[in-house]
Amino acid sequence: MNALQRIRRARIARDIAELDLQRALVQAAQDGVRQVDMAAAAQMAQPSVSTRLAHASRVPQATKGFSGADPYEIAQRYHLGYISEGQLMDELSRWEYLPEPEPEHIFDDGGPNPPGTWDDVVRAHRHKLISDEQYNKLLELDDEA
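Rules used throughout
Residues numbered from 1 in each chain as written. Predicted model: local features only at pLDDT ≥ 70, side-chain atom pairs only at ≥ 80, totals over all residues. Heavy atoms only, no water. Helix = DSSP H or I, 4+ residues; strand = E, 2+ residues; numbered from the N terminus. Buried < 20%, exposed > 50% of the residue type's maximum accessible area, 1.4 Å probe, protein only. Salt bridge = Lys/Arg side-chain N within 4 Å of Asp/Glu carboxyl O. Axes fitted to C-alpha atoms, helices over the stretch in contact; angles between N-to-C directions. Parallel < 35°, antiparallel > 145°, perpendicular 65-115°, else oblique. Contact = heavy atoms within 4.5 Å. Nonpolar A, V, L, I, M, F, W, Y, C, P; charged D, E, K, R; others polar. Core = buried A, V, L, I, M, F, W, Y, C linked by side-chain atoms within 4.5 Å. Expected span 1.5 Å × (residues − 1). Polar contact = N/O pair within 3.5 Å; in protein donor to acceptor, adjacent residues only side chain to side chain. Phe/Tyr/Trp six-rings, centres within 6.5 Å; stacked < 30°, edge-to-face > 60°. Lys NZ or Arg CZ within 6 Å of the ring centre and 35° of its normal.

**Student:** For this particular structure, what's the right way to read unusual backbone geometry?
**Tutor:** Excluding glycine, a negative phi dihedral is what most residues carry, and trans is how most peptide bonds are arranged. Of note in the backbone geometry, Gln43 takes a positive phi value of approximately 55 degrees without being a glycine. Position of Gln43 among the secondary structure elements: in the loop between helix 2 (35-42) and helix 3 (46-54). Assessed through its relative accessible area of 74%, Gln43 is described here as exposed. One non-glycine residue with positive phi stands out, namely Lys128, at about 65 degrees. Relative to the assigned elements, Lys128 resides in the loop between helix 6 (119-126) and helix 7 (132-144). Owing to a relative accessible area of 64%, Lys128 belongs among the exposed residues under this scheme.

This is the structure in structure tokens:
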């Protein structure tokens, strides 16, 4: 793995670690854990825990039965080795993809699609989180549906 690949991998790992930390803090709060104890466990100041919990509604929770909140996160977890290829393919083939929104104007490209659309898989492929072979297999499965 070259230096640029290590940088890219570290960035993806940081993003996933942040999601996992946020979700763990939310779960701890729901379980009644005191913020001071969460802060000690996370090695951060209690006001930082409070701030993170105040913004918790912005953090998407993993979809039940899936390893992430959207197909892109699932692909990130696969890329990092957190889930197997079999789990990746199973989850992405079972995902109920949201329809891509129609642009408001005929000349409008509509901007980025919301999480949960097929665009997540396209981005994961473009960002080399999944291989050409995996992407093509998912396309085949989508065509069969």
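**Student:** Help me understand the pattern of salt bridges, please; the structure alone is not making it clear to me.
**Tutor:** Charged atoms that come close allow side chains of opposite charge to pair. Applying the stated criterion across every chain yields a total of 9 salt bridges. Across the pair Arg52 and Glu18 runs a salt bridge whose closest N-O atoms are separated by 3.0 Å. Highlighted residues: Arg52 in helix 3 and Glu18 in helix 1 (residues 3-30), separated in sequence by 34 residues. Here Glu73 ties to Arg23 by a salt bridge, and the two come within 2.7 Å at their closest N and O atoms. Placement of the pair is Glu73 in helix 4 (residues 71-79) and Arg23 in helix 1, with a sequence separation of 50 residues. Pair check on accessibility: Glu73 and Arg23 agree, each one buried.

**Student:** Would you explain the packing of helix 2 against helix 3 in this entry?
**Tutor:** Between two packed helices, the angle of one axis relative to the other and the distance separating the axes together describe the packing. Closest axis-to-axis distance for the helix 2/helix 3 pair is 8 Å, and the angle between their directions is 105 degrees. Regarding the angle of helix 2 to helix 3, the classification is roughly perpendicular. Residues Gln35, Val36, Met38 and Ala39 of helix 2 form the contact with helix 3, whose own contacting residues are Gln46, Val49, Ser50 and Leu53. Residue composition of the contact of helix 2 with helix 3, grouped by class: 5 nonpolar, 3 polar and no charged.

**Student:** Help me understand the nonpolar core in this model?
**Tutor:** Side chains of a nonpolar character, in soluble globular proteins, are inclined to be buried together. Membership of the largest hydrophobic core comes to 19 residues, with the highest contact counts inside it found for Ile74, Leu88, Ile130 and Leu138. Aside from chain neighbours lying at most four places away, what touches Leu138 is Met89, Leu92, Ser93, Trp118, Val121 and Ile130.

**Student:** Sorry if this is basic, but what is going on with helix 1 here?
**Tutor:** Because an α-helix completes one turn every 3.6 residues, residues spaced three or four positions apart along the sequence face the same direction. Here helix 1 spans 40 Å end to end across 28 residues, near enough to the 40 Å set by a 1.5 Å rise per residue. Those residues of helix 1 that fall on the buried side of the exposure criterion are Ile12, Ile16, Gln22, Arg23, Leu25, Val26 and Ala28. Of the residues that open helix 1, the one with a side-chain oxygen 3.0 Å from the backbone nitrogen of Leu4 is Asn2. Of the residues flanking the end of helix 1, it is Gly32, one or two places downstream, whose phi is positive at about 85 degrees.

**Student:** Before we go on, may I ask you to explain the side chain of Arg23 in this structure?
**Tutor:** Using a relative accessible area of 11% as the deciding quantity, one classes Arg23 as buried. Each residue touching Arg23, except ones within four places of it in the same chain, is listed here: Val59, Pro60, Gln61, Ala62, Ala69, Glu73 and Arg77.

**Student:** Could you clarify how one ought to interpret the packing of aromatic side chains in this entry?
**Tutor:** Given two aromatic rings, their pairing is described by the distance between the two centres and the angle made by the two planes. All chains considered together, the criterion is met by 3 aromatic pairs. Here Tyr97 and Trp118 contribute two aromatic rings whose centre-to-centre distance is 5.2 Å and whose plane-to-plane angle is 70 degrees, an arrangement assigned as edge-to-face. Taken together, the residues Tyr97 in the loop between helix 5 (85-94) and helix 6 and Trp118 in the loop between helix 5 and helix 6 connect sequence positions 21 residues apart. Summarising the aromatic geometry, the rings of Trp118 and Tyr135 are spaced 6.2 Å apart at their centres and angled 40 degrees between planes, so their arrangement reads as tilted. One end of the pair, Trp118, is in the loop between helix 5 and helix 6; the other, Tyr135, is in helix 7, and 17 residues separate them in sequence. Overall, the relative accessible area of 14% leaves Tyr135 in the buried class. A connected cluster of aromatic rings, assembled from ring pairs, spans Tyr97, Trp118 and Tyr135. A cation sits over an aromatic face here: Arg94 above Phe66, 4.5 Å from the ring centre. In this arrangement the basic side chain of Arg123 is found over the ring face of Tyr72, its NZ or CZ atom lying 4.0 Å from the centre.

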